[in-house]
Amino acid sequence: SEICRVLAEDSVMEIQTQPFAEASPDTTVSESVRVLHELEVSSLLIIEDGELVGIFTERDVLEKVAERFARVAHLPVSEVMVLRPIVVYESDPIGAALAAIAVGGYRHVPVLSLSGKVLGVVSPRRLNDFLGRRFLDELG
């Protein structure tokens, strides 16, 4: 079917991966939470020397920060981020991002260039928007 072909052959770069928010590992937890809130984003890519080292998401706020905010607010975000998150590469098919989201349960999947540079993030919303546009255009 056409959807199988798109998932297997179209690159993740067909999906909107920008904008994305980033911070360094030594950014405080409180500053990281403030950035998520102010930018109205659900994830912060944690980048050091141009390399992705982790991700800090709304889920991390709820599971690792919320109940002990006063105790962790001043700590570096590296203390509560997810280390070495699941990623996809620019040449990977859309199906790889779908698998990470649907099977792996990751809501934010960083997209890297083959050389390791951060290019953006794929989320369920961005994936749905892409598939909706792609297949609605064909139907309409």
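Because the structure is predicted, anything quoted here is derived from the model rather than measured.

## Side note on the nonpolar core
Then, in step 1: Counting 17 residues, the largest nonpolar core has Ile15, Val88, Ile94, Val111, Val122, Leu127 and Phe130 as the members making the most contacts within it.
Then, in step 2: For this core, the secondary-structure elements that each account for two or more residues are helix H1 (2-9), helix H5 (94-102), strand E6 (109-112), strand E7 (118-122) and helix H6 (124-139).
Then, in step 3: Those residues in contact with valine 122, other than ones at most four positions away along the chain, are Ile15, Thr17, Ala97, Ile101, Arg107, His108, Val109 and Val111.
Then, in step 4: Of all hydrophobic cores here, the second largest spans 14 residues; its members include Ala21, Ala23, Leu44 and Phe56.

## Some thoughts on the sheet that holds strand E4 (residues 82-83)
Then, in step 1: Overall, mixed pairing links the 4 strands, which are arranged E1-E2-E3-E4 in an open sheet. What marks the edges here is a single partner per strand, and that holds for strand E1 (21-23) and E4.
Then, in step 2: Pairing geometry for strand E2 (residues 43-48) and strand E3 (residues 51-57), over 6 bridges, is antiparallel. Bridging across to E3, serine 43 finds its partner in threonine 57.
Then, in step 3: Those strands touched by helix H3 (residues 58-65) are E3 and E4, and its axis lies near 65° from that of E3.

## Quick look at unusual backbone geometry
Then, in step 1: Here the amide bond leading from glutamine 18 into proline 19 is cis, since omega sits at -5°, within 30 degrees of zero.
Then, in step 2: Of note in the backbone geometry, glutamate 40 takes a positive phi value of approximately 55° without being a glycine.
Then, in step 3: Considering the arrangement of structural elements, one finds glutamate 40 in the loop between helix H2 (29-39) and E2.
Then, in step 4: A relative accessible area of 73% places glutamate 40 in the exposed class.

## Description of the pattern of salt bridges
Then, in step 1: All told, the structure shown has 8 salt bridges when counted by the stated rule.
Then, in step 2: Note that arginine 5 is salt-bridged to glutamate 2, the shortest N-O span being 3.0 Å. A residue pair is termed a helical-turn pair when its members lie 3 or 4 positions apart in one helix, as arginine 5 and glutamate 2 do in helix H1 at 3 residues.
Then, in step 3: For the salt bridge of arginine 134 with glutamate 2, the shortest nitrogen-to-oxygen distance reads 4.0 Å. Pair noted here: arginine 134 is in helix H6 and glutamate 2 is in helix H1, with a separation of 132 residues, a long-range link.
Then, in step 4: Glutamate 2 gets classed as partly exposed once you look at its relative accessible area, which sits at 31%.

## Topic: H3
Then, in step 1: Listed in full, the buried residues belonging to H3 are Asp60, Val61 and Val65. Buried residues in H3, looked at end-on, bunch into an arc of 105°, giving them a common side. Opposite its buried face, H3 presents the exposed residues Leu62 and Glu63, each directed more than 90 degrees away.
Then, in step 2: Elements in contact with the buried residues of H3: H2, E3, helix H4 (69-72) and E4.

## As for H5
Then, in step 1: Inspection of H5 places Ile94, Ala97, Ala100 and Ile101 among the buried residues, and these make up the whole buried set. Looking straight down H5, one finds that the buried residues subtend no more than 125° of arc, so they occupy a single side.

## A short note on the environment of alanine 97
Then, in step 1: Assignment of secondary structure puts alanine 97 in helix H5.
Then, in step 2: Classification of alanine 97 as buried rests on a relative accessible area of 0%.
Then, in step 3: Residues alanine 97 and histidine 108 lie 11 residues apart in sequence; the distance between their C-alpha atoms is 9.4 Å.
Then, in step 4: Residue contacts for alanine 97: discarding those within four places in its chain leaves Val12, Val88 and Val122.

Reading the values: rules and limits
- Residues numbered from 1 in each chain as written.
- Predicted model: local features only at pLDDT ≥ 70, side-chain atom pairs only at ≥ 80, totals over all residues.
- Heavy atoms only, no water.
- Core = buried A, V, L, I, M, F, W, Y, C linked by side-chain atoms within 4.5 Å.
- Buried < 20%, exposed > 50% of the residue type's maximum accessible area, 1.4 Å probe, protein only.
- Helix = DSSP H or I, 4+ residues; strand = E, 2+ residues; numbered from the N terminus.
- Contact = heavy atoms within 4.5 Å.
- Pairing = 2+ DSSP bridges.
- Axes fitted to C-alpha atoms, helices over the stretch in contact; angles between N-to-C directions.
- Salt bridge = Lys/Arg side-chain N within 4 Å of Asp/Glu carboxyl O.
- Arc of directions from axis to C-beta.

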